[in-house]
Amino acid sequence: MTEARDLLLKIRDLRIEGRSDEDWFPIINGVDLDLHKGEVLGLIGESGAGKSTIGLAAMGYTRDGVRISGGSVEFDGIDLVNAPARVKRGLLGRRIAYVAQSAAASFNPAHRLIDQHVEAPVQHGVSGRSDSIADGTELYRKLRLPNPDEIGFRYPHQVSGGQLQRAMTAMAMACRPDLIIFDEPTTALDVTTQIEVLAAIRQIVQEFDTAAIYITHDLAVVAQMADRIKVLLRGDEVEEADTRTMLSAPKEDYTKSLWAVRSFERTEKPLAGADEVPVVSVRGVTAAYGDTPVLHDVSFDIHAGRTVAVVGESGSGKSTTARCITGLLPPLEGEVLFNGQVLPADYRKRTKDQLRQAQMIYQMADTALNPRRTIGQIIGRPVQFYSGLHGLRLRDRVNELLDQIELDPDTFYHRLPSELSGGQKQRVGIARALAAEPEFIICDEVTSALDQLVAEGILRLLARLQDELGLSYMFITHDLATVRAIADEVVVMKDGRVVEQGGKTEMFHPPHHAYTDLLLSSVPEMDPDWLDRLLAQRGVDNIGDAAVDKM
Amino acid sequence: MSAWLWIIATLLAVAALGWVFRAGGRWVTGNAPRFRDMSYGEAFGFALAAAALAGGTWLYLQPGAVFFRWAVQGFVIFAVAAYLFRELGRLIGTEGTRKLFRQMPLTAAFGILVILVYSFVAIFAGQISLRTVIIVAVVGMILTEIVRRNTGDAAATGFGGLVFAVNLVFVVMYLVGPIAPHGQEQVFELANVVAGGDPALGGNPDFPLGTDQIGRDILSRLIFGAQNTVGIAFVTTLLAFFLGGTLGLLAATLGGWLDQLLSRGVDVLMAIPSLIFALLLMTIAAVWAPQTGIPLTYFMIVIIAVIDSTRVFRLARAVGINIVVMDYIEAAKLRGEGLGYLVFREILPNATAPLLAEFGLRFCFVFLTIAALSFLGVGIQPPLADWGTMVRDLAAFINYAQFAPMAAVTPLLAAGAIALLTVGVNFVVDWMLQKSSGLKE
């Protein structure tokens, strides 16, 4: 079907180098890419695979400290590598547009949305200001933004993240470009919000017959969006095929391993007996930040050796519950019990042993590890603090912990966090929690900042540690695939209340609460027809935030 | 009227030159991207720079432009010295320092060179005692041992080499004797000798930079001035950082009413113009000093340190607040760590880059404040040599600039010494700020 269409973008043997310290090192080692008019190409790979770099190179642009060292990029017959700045200026924004990952960071906070929207058409002389405002409103309506006539006159901070991402897509469409590059447009969004943006992007791309490069690390998302998929690994192309072939019959081992990530699933442990004392018991906790109430009468139990997943969108009070348990935010009402004993509400009033028993692993490993301390110091400090070990015995214990998290002690002991990859940092975070020899660990979105392969490794590690050490986990997440993989019990939260709780199998089978149903149905599946089916099933106005508002 | 015409004509000529330069560049290089994508504004900038350079050359050749010639010569000499210094740094030292010098801009190399030269002059202005040499050697050995225990062998070897070099310099300078040819208080019969050392022009080879109005050697006083002014400024800045840094980080960590109390107190102190406030306090101190028997200089150090610590407090607090919200601080708090561990092990190491950069800037401000106070007559007291006082005492000579450049240069020497250090320190600070912000990326 693609042969009949004209070739729009032709990349041949593209080589890109980046500068680090004093040397140039390769980022892309010869990638070929063809894109026809009206076609959507999905680029997937782990972080550092060079997806975004290729996406930018398709516009003839490189980031600072990066250069195109070889190969060619031709857009509609124009050589973008050697094109004069004047020619590129005429193309960018008009015939090639770019949608960035974080719309919140990409809009200028000082100008209204519509003013930023009309900039490109007016600059390029495509249409006048009033015409493009009218056109923008029309695009907003097409993308089903609420109040399309007014929303453009708001400032970026007055609009939610999902709406902002759709406004950004409308802005990219302003000049009706031939090619749009979407760089992870839904990665920062909640599942329920993501689905709206996906539906909007797909609809508008089809309607205007725009070609697109869709960059993401989420396979299920790319399966909905792309006609063809290209898999990248550290600057090399692994394979390329059309979406259905790629999903059903991947050729390379790496692609197969990417596909297999979602198959990791632990068998659910039976629910604990009623007479068993839970390790942690949250009883009727109500909490507020100042005068803003955040939690309302939250209660659930976590039993020894079990994993309780707390699920909900951002702002639903998941992390606040964790803060109440650790004592960072003393609850207004209710109490937290540890092995049947009431814990003091404020962490400063807790004994060293009480503090030791409950540890935390954080979402962002970058901010969770002190950048100026070595791995040995980071892990060694809690060991020394709680057990008082010194010298060689301390070193032995740290080595033991590093072995447990599958990092080589000799290599990593003296390194700084900045010298580690994201997954390795998260492992160090786990080791720091383990160093205190706790019974209970709170995992706050520990895998959401990681690539799927790496995240799977972390989940497997956590599962193994649980079996070996009999730990209890409270697993905060918004990703239901993670829940399916690791949880025994699930607690669904919305607006600071527990909406539903129960065993995992029970939760994944209907009937459930309307909100749980929405959450479950919004998780993209690896089936290219999933989005079509869902839209047919629920209707365009009954997904995402629109559906949440109706509840 | 004709002046306006001249200016407009010159600008038009430069504009035409810019256009010709860009067009010519395109033609000669066969439309290379460098010239092809050059905007007209950039081309105009090149033309303007060329015109300025031509104008400078013309002025340099004018017989009357003595000071301009000196400035240009000084600039070239400093640039060459900085370049040579950087090349030296690239050859000598450990792998780490060599890499540092390879990436260093010339301005930073110049700044480091100036700081090194000033420290050298300040330390060895007078004859150093044998005790100083021994203390330096012992402290060096202790430091080397500490470094050896805390870091890898490579760093310890490098540090040991540095300590050895410093010790060697101290021993050699102990044997060579003082740098300053005369004492700072020594008064000679010959007053107002002109700089240059040429007897035909009223100079004296014994006093290459001349003598002041009561017959003290200006070269010696300049050298001792480095010791007094720079040394006192350094101590004052250290004190200001100790005060402001500790309180600022404490306010950031604890927050609440302590933060409010300290911050509002600092606001009150900052609301008063600092130089006038310092003058006021110095006047009071001038009365107290003879009564208590404490030298006025000590009062000055404390007063300036307290006033400047308010700025340090604000920076330390702002930096600290950004660090306190990090997850690793939360982890440490939940572990039950004490305040000391939080501030000194978790927060301070992450605040060093901005604080160090501020140290450089603050040092300049303190140094200028001391010079200003001395210039006004309440700072460092005679007979101690001080650059601010020297500028004030010799200021009248600037009137001879037109017909006797050598006589007019005397007040400029001390002023130039102040300017050079300020510029040098700022270059180093800029470089450090750039490095630390680049690392965050």
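As the structure is a prediction and not an experimental result, all values here were calculated from the model.

The rules we used
- Residues numbered from 1 in each chain as written.
- Chains lettered and ligands numbered in written order.
- Predicted model: local features only at pLDDT ≥ 70, side-chain atom pairs only at ≥ 80, totals over all residues.
- Heavy atoms only, no water.
- Helix = DSSP H or I, 4+ residues; strand = E, 2+ residues; numbered from the N terminus.
- Buried < 20%, exposed > 50% of the residue type's maximum accessible area, 1.4 Å probe, protein only.
- Polar contact = N/O pair within 3.5 Å; in protein donor to acceptor, adjacent residues only side chain to side chain.
- Contact = heavy atoms within 4.5 Å.
- Pairing = 2+ DSSP bridges.

## What about the side chain of B:Glu337?
Next up, step 1: Within the secondary structure layout, B:Glu337 lies in the loop between α13 (327–335) and α14 (339–376).
Next up, step 2: Residue class for B:Glu337 comes out buried when judged on its relative accessible area of 9%.
Next up, step 3: Of note is the side chain of B:Glu337, whose polar atom sits 2.6 Å from the side chain of A:Arg381.
Next up, step 4: A polar contact is formed between the side chain of B:Glu337 and the side chain of B:Arg335, at a distance of 2.7 Å.
Next up, step 5: Excluding anything up to four places from it in sequence, B:Glu337 contacts A:Arg381, A:Phe385 and B:Ala332.

## Considering the sheet that holds strand β11 (residues 280–289) of chain A
Residue and element names in this part refer to chain A.
Next up, step 1: The strand order across the open sheet formed by 4 strands is β12-β11-β14-β15, and the pairing between neighbours is antiparallel. Here the strands that pair on one side only, and so sit at the sheet edges, are β12 (292–302) and β15 (341–342).
Next up, step 2: Of the strand pairs in this sheet, strand β14 (residues 333–338) and β15 are connected by 2 bridges, and their pairing is antiparallel. Counterpart to phenylalanine 338 in the pairing with β15 is glutamine 341.

## Some words on helix α12 (residues 318–326) of chain A
Next up, step 1: The buried fraction of α12(A) amounts to 7 of the 9 residues, a majority that puts the element mostly inside the structure.
Next up, step 2: Regarding α12(A), the residues found buried are A:Lys318, A:Thr320, A:Thr321, A:Ala322, A:Cys324, A:Ile325 and A:Thr326.

## Thoughts on the pairing of β11(A)
Residue and element names in this part refer to chain A.
Next up, step 1: In terms of burial, β11 is a largely internal element, 8 of the 10 residues being buried.
Next up, step 2: Where β11 and β12 come together, 7 bridges link them in antiparallel fashion. Within the sheet, the bridge partner assigned to valine 285 lies in β12 and is valine 298.
Next up, step 3: Summarising the sheet, β11 and β14 pair through 5 bridges and their orientation is antiparallel. Note on β14: the bridge partner recorded for serine 281 is leucine 337.

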